[in-house]
Amino acid sequence: MLDSKIPPGALEHKWNEYKGHVKLVNPANKRKIEIIVVGTGLAGASAAASLGEMGYKVKAYCFQDSPRRAHSIAAQGGINAAKNYQNDGDSVFRLFYDTIKGGDYRSREANVHRLAEVSTNIIDQCVAQGVPFAREYGGLLSNRSFGGTQVQRTFYAAGQTGQQLLIGAYQALERQISLGNVTMYARHEMQELVIIDGKARGIITRNLISGKLERHFGHTVVLCTGGYGNVFYLSTNAMGCNVTAIWKAHKKGAFFGNPCFTQIHPTCIPVSGDYQSKLTLMSESLRNDGRIWVPKKQNDNRKPGEIPEEERDYYLERRYPAFGNLVPRDVASRAAKERCDAGYGVGTSRQAVYLDYAEAIIRYGKVECHKLGLENSTTEVIRQYGKEVIKEKYGNLFDMYEKITGENPYEVPMRIYPAVHYTMGGLWVDYELMTTIPGLYCMGEANFSDHGANRLGASALMQGLADGYFVIPYTIGNYLSDDIRTANIPTDHPAFESAELAVSDRMTRLKNINGTKTVEYFHKQLGKIMWDKCGMARNERNLKEAITEIQQLKKEFFSDLKIPGDIYEMNPELDKANRVADFIELGELMCIDALNRKESCGGHFREEMQTEEGEAKRDDEHFTYVAAWEFKSEHEWELHPETLVFDVAKPTQRSYK
Amino acid sequence: MEHYKMGLTLKIWRQKNSQSKGHFATYKVEDISSEMSFLEMIDVLNERLIREGEDPVAFDHDCREGICGTCSMYINGRPHGPWHANTVCQLHMRAYKDGDSITIEPWRANAFPVIKDLIVDRSAFDRIIQAGGYISINTGNPVDANSLPVDKNLADASFAAAACIGCGACVAACKNSSAMLFVSAKVSHLALLPQGHPERKSRALNMVAQMDKEGFGGCTNTQACESVCPKEISMTNIAKLNSEFIFAGLSE
Ligand SMILES: Cc1cc2nc3c(=O)[nH]c(=O)nc-3n(C[C@H](O)[C@H](O)[C@H](O)COP(=O)(O)OP(=O)(O)OC[C@H]3O[C@@H](n4cnc5c(N)ncnc54)[C@H](O)[C@@H]3O)c2cc1C
Ligand code: SF4
Ligand code: FES
């Protein structure tokens, strides 16, 4: 039986109660305890820094050359917090409720409530660290709105919020490194988990410069290794994002929660050709001011500027008048796909819709002119002022768009299309963020918690920092207080030896295949299967086919792969092969999970399960659970459902109309 | 936008590891689309090299959208290539035409030793941050974020400096391999905010001392750094650093 360890008591008191009674580790003992933190994005860097400050001996790992480069750096739009600085009716409860509802009632109330509670501390913490959030002229913090909410609770730093938050956490981490509390291992990739007497006790890493395998002991291991969206090959994730660390843990006993819950983001720059290596997000914040439309006529070849207002279909505003362009991501993505599939798409590929700023430019321009007493300005002058405002809000995103497409979005509408963006699924964790392996924790995007079947914008940054700054510092003590007598285990222990051997065997096996096809080839094949059959719309027949195709692909991978170079040297192709091998196995589990969940909820849309208007239809009677999968053997998993109980936020059909 | 195809001659720095001597190798690539990114063009080359049994060109990259600061190529004598305020990963092939020759090298600086091919070791930047590029507060009980209003102009200026991605192009562009633009961006970011004031003096002194220790050269105001910086970090930050430094020195 899965025990989610939710503390007793009323929802709003659980976390305080927990903190009041949790076991502590005294300072002298903390100095003797070693903690491994794998991954130094927002979740990992904030955790490593905080644990180091508390007096633990921390070892932190990342595969990039510096912790400052983790994928969190790319987050654009913002971070939510229930500060209610705008006095627009926000509260901890409302943030909790929006997140549960946004997740389509597939997340745990207690975790989400805690997240909403600590959200306010995060902003205080970051400001104290020197994160330069956007401010109003009065000197106070500025907010914007994001999808799926009707309040302005998103804090931001232009379109570079993730960068600024990560730099804050990175600096806190570097400070602990200089103080000797944290040892940093950059360009090190975790390849295996070491378990001794049933507890997580260490990891095996590959030094990506020398290729050497290394053994590291820790009293406990915390995985903060990010999302696995790259299983689809094309996604908005950075090139190196991978599932390897959590997959290795999964195969050693950590259950995998809701693997099929993937977020497809509605506003990304469309694919331009088959050489495409990644997709670029255009932040959701753009939907604050941009209007999404397609022509009312099918296969319309006119330029956007030549299509008169009355021949444009602002389909989100039409279908969802209450939320309009700010419906949640899953809803917006499906609506775009529906229009394109029906023949209304734009651009050469017809797999795109317009995101248009013309109106916002005029609106802001008029406000500016009014402020300056220039009421009678020409449209040109108004547009000029309007463009200045848009530039201040979204300048870096507009530049990014222009660099990629060669088109100027101040003048012509952006072309956008949905792309894989975030994975709500991840290792199953309990309230303390511990996996089903004692002593193994998982945080940030890598765990399954908090976002249910769909994540709301600006809440991943919130979750990563909540986990790292405010949750793990408490919960880890509850475990370690029983471990103060455990001396460091030497890394010549047989468990380390066999774990290392397993890794070197796999590398040798991969290297010795000596086939004809590159890693990229297999990764692309996998991505195509996943996107076509386990992407925005799923059905039984496709998922079954996908499972067979992935099994076939795995055979081909292990018989026809070609890797250049040697094992014990820097070898990015070997690193990629290691990651893709795990993605292939994960892909199979994602399809199994999607097949099992015969309902539509959040980002998981089963075509068999939709309302007459084409909206997702949940089946609460049969699927109000977290699907936690236990790895049994190749191609075989066992399902352990964790039933979700909603005491406070009673499930209703999500409606944004 | 008109799209077109092109053939190119690439002269690329190849170096097996930090111990070995490097050399240039020449490759021809055909059928490159003007819509590709520069790194996708290198991907195409690498796929071919692997199929032909050769070692692919190793290069650093991750986000491929200009924000992580990982990519680092010195292209025809200019870090990050020909476009203004741009990273290599954002450079697209419409910058080139059929028949062009492109020379690609790693960042060259003593403080950035080559690891392999186009990959260099930039850990010196992390050590400079360790020397003082932070505000010393622990996780815990900071005051309410709005209890201390910050002048919007200062906050904006601080953000502009904090936008540095730590790529090292400034060092690669500088004939002295100076890291002043990078260091000054961090010092400005923190010194402009009231939260950063208490440590102003020690921060400037310690970061500059670490920069010298890492073997970066001094600044002689040639402004090459500013002109190649992908985030348009301004040289005024260097002036700011100098004044912080003098201020710190005087009041020692
Ligand atoms: C383009 C983009 C924009 C986004 N915008 C927003 C936004 O505006 N608001 C929001 O809330 N969220 C946003 N998100 C989502 C959010 O950025 C991520 O979910 C979040 O940053 C993940 O943080 P993390 O710490 O869990 O993981 P990451 O930041 O991905 O860090 C993972 C870390 O693990 C390390 N690692 C991985 N595997 C291994 C291994 N095997 N061994 C060793 N180390 C390993 C990496 O080196 C890295 O340090 C965005 C995401 C994308 C892709
Ligand atoms: S100052 Fe500019 S060039 Fe130098 S590291 Fe920062 S972003 Fe790169
Ligand atoms: S790869 Fe991230 S900035 Fe170029």
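None of these values were measured; they are calculated from a predicted model.

Draft legend 1. Summary view of the side chain of A:Thr475. Its location among the elements puts A:Thr475 in helix 12 (residues 460-480). By relative accessible area, which is 0% here, A:Thr475 ends up buried.

Draft legend 2. Structural view of the site of ligand 2. Lining the immediate environment of ligand 2, one finds B:Phe125, B:Cys164, B:Ile165, B:Gly166, B:Cys167, B:Gly168, B:Ala169, B:Cys170, B:Leu181, B:Cys229, B:Pro230 and B:Ile233. Here the shell around ligand 2 is composed, by residue class, of 10 nonpolar, 2 polar and no charged.

Draft legend 3. A look at the packing of aromatic side chains. Residue and element names in this part refer to chain A. Overall, the coordinates contain 33 aromatic pairs over all chains when judged by the stated rule. Ring centres of Trp-15 and Tyr-474 lie 5.7 Å apart, and the angle between their planes is 80 degrees; on these two criteria the pair is classed as edge-to-face. Placement of Trp-15 in helix 1 (residues 14-21) and of Tyr-474 in helix 12 is noted, with a sequence separation of 459 residues between them. Looking at Trp-15, the relative accessible area reads 2%, which means it is buried.

Draft legend 4. Main features of the sheet that holds strand 12 (residues 291-295) of chain A. Residue and element names in this part refer to chain A. Pairing is antiparallel in the open sheet, where 5 strands are placed in the order 11-15-14-12-13. The open sheet is flanked by strand 11 (262-268) and strand 13 (312-313), the only strands paired with a single partner. Pairing of strand 14 (residues 353-356) with strand 15 (residues 414-423), which is carried by 3 bridges, proceeds in the antiparallel orientation. Along strand 15, the bridge assignment pairs Leu-355 with Met-414. Together, strand 11, strand 12, strand 13, strand 14 and strand 15 form the strand contacts of helix 9 (residues 329-341), whose direction differs from that of strand 11 by roughly 65 degrees.

Draft legend 5. Quick peek at the interface of chain A and chain B. Opposite the 75 residues of chain A that make contact, chain B presents 72 residues. When the area that chain A buries against chain B is broken down by residue, the three leading residues are A:Arg69, A:Tyr275 and A:Lys403, summing to 12%. At the surface where chain A touches chain B, the tally comes to 6 salt bridges. Residue A:Glu392 is joined to B:Lys152 by a salt bridge in which the shortest nitrogen-to-oxygen separation is 3.0 Å. Here chain A is connected to chain B by 46 residue pairs in polar contact (both at pLDDT 80 or more). Of all the secondary structure elements, the ones that give two or more residues to the side of chain A that touches chain B are helix 3 (42-54), helix 5 (109-129), helix 6 (161-178), helix 11 (379-405) and helix 12 of chain A. With 10 residues, helix 6 of chain A is the single largest residue contributor to the side of chain A that touches chain B. Here the side of chain A that touches chain B is composed, by residue class, of 30 nonpolar, 26 polar and 19 charged.

Draft legend 6. Up close: the confidence of the model for chain B. Residues with a pLDDT of 70 or more make up 99% of chain B, whose mean pLDDT is 96. Note on the complex model: pTM 0.97, ipTM 0.98.

Draft legend 7. Unusual backbone geometry, seen in detail. All names here are of chain A. The residue Ala-158 is not glycine, and still its phi comes out positive at about 45 degrees. Relative to the helices and strands, Ala-158 is located in the loop between strand 4 (154-155) and helix 6. Among the residues examined, Ala-158 registers a relative accessible area of 18% and is labelled buried. We note that Asp-450 has phi near 60 degrees; this positive angle belongs to a residue other than glycine. By the secondary structure assignment, Asp-450 is in the loop between strand 17 (440-442) and helix 12. Looking at Asp-450, the relative accessible area reads 4%, which means it is buried.

Analysis parameters
Residues numbered from 1 in each chain as written. Chains lettered and ligands numbered in written order. Predicted model: local features only at pLDDT ≥ 70, side-chain atom pairs only at ≥ 80, totals over all residues. Heavy atoms only, no water. Helix = DSSP H or I, 4+ residues; strand = E, 2+ residues; numbered from the N terminus. Buried < 20%, exposed > 50% of the residue type's maximum accessible area, 1.4 Å probe, protein only. Near = heavy atom within 4 Å. Nonpolar A, V, L, I, M, F, W, Y, C, P; charged D, E, K, R; others polar. Phe/Tyr/Trp six-rings, centres within 6.5 Å; stacked < 30°, edge-to-face > 60°. Pairing = 2+ DSSP bridges. Contact = heavy atoms within 4.5 Å. Axes fitted to C-alpha atoms, helices over the stretch in contact; angles between N-to-C directions. Buried area = accessible area lost by both parts, 1.4 Å probe. Salt bridge = Lys/Arg side-chain N within 4 Å of Asp/Glu carboxyl O. Polar contact = N/O pair within 3.5 Å; in protein donor to acceptor, adjacent residues only side chain to side chain. pLDDT = per-residue confidence, 0-100.

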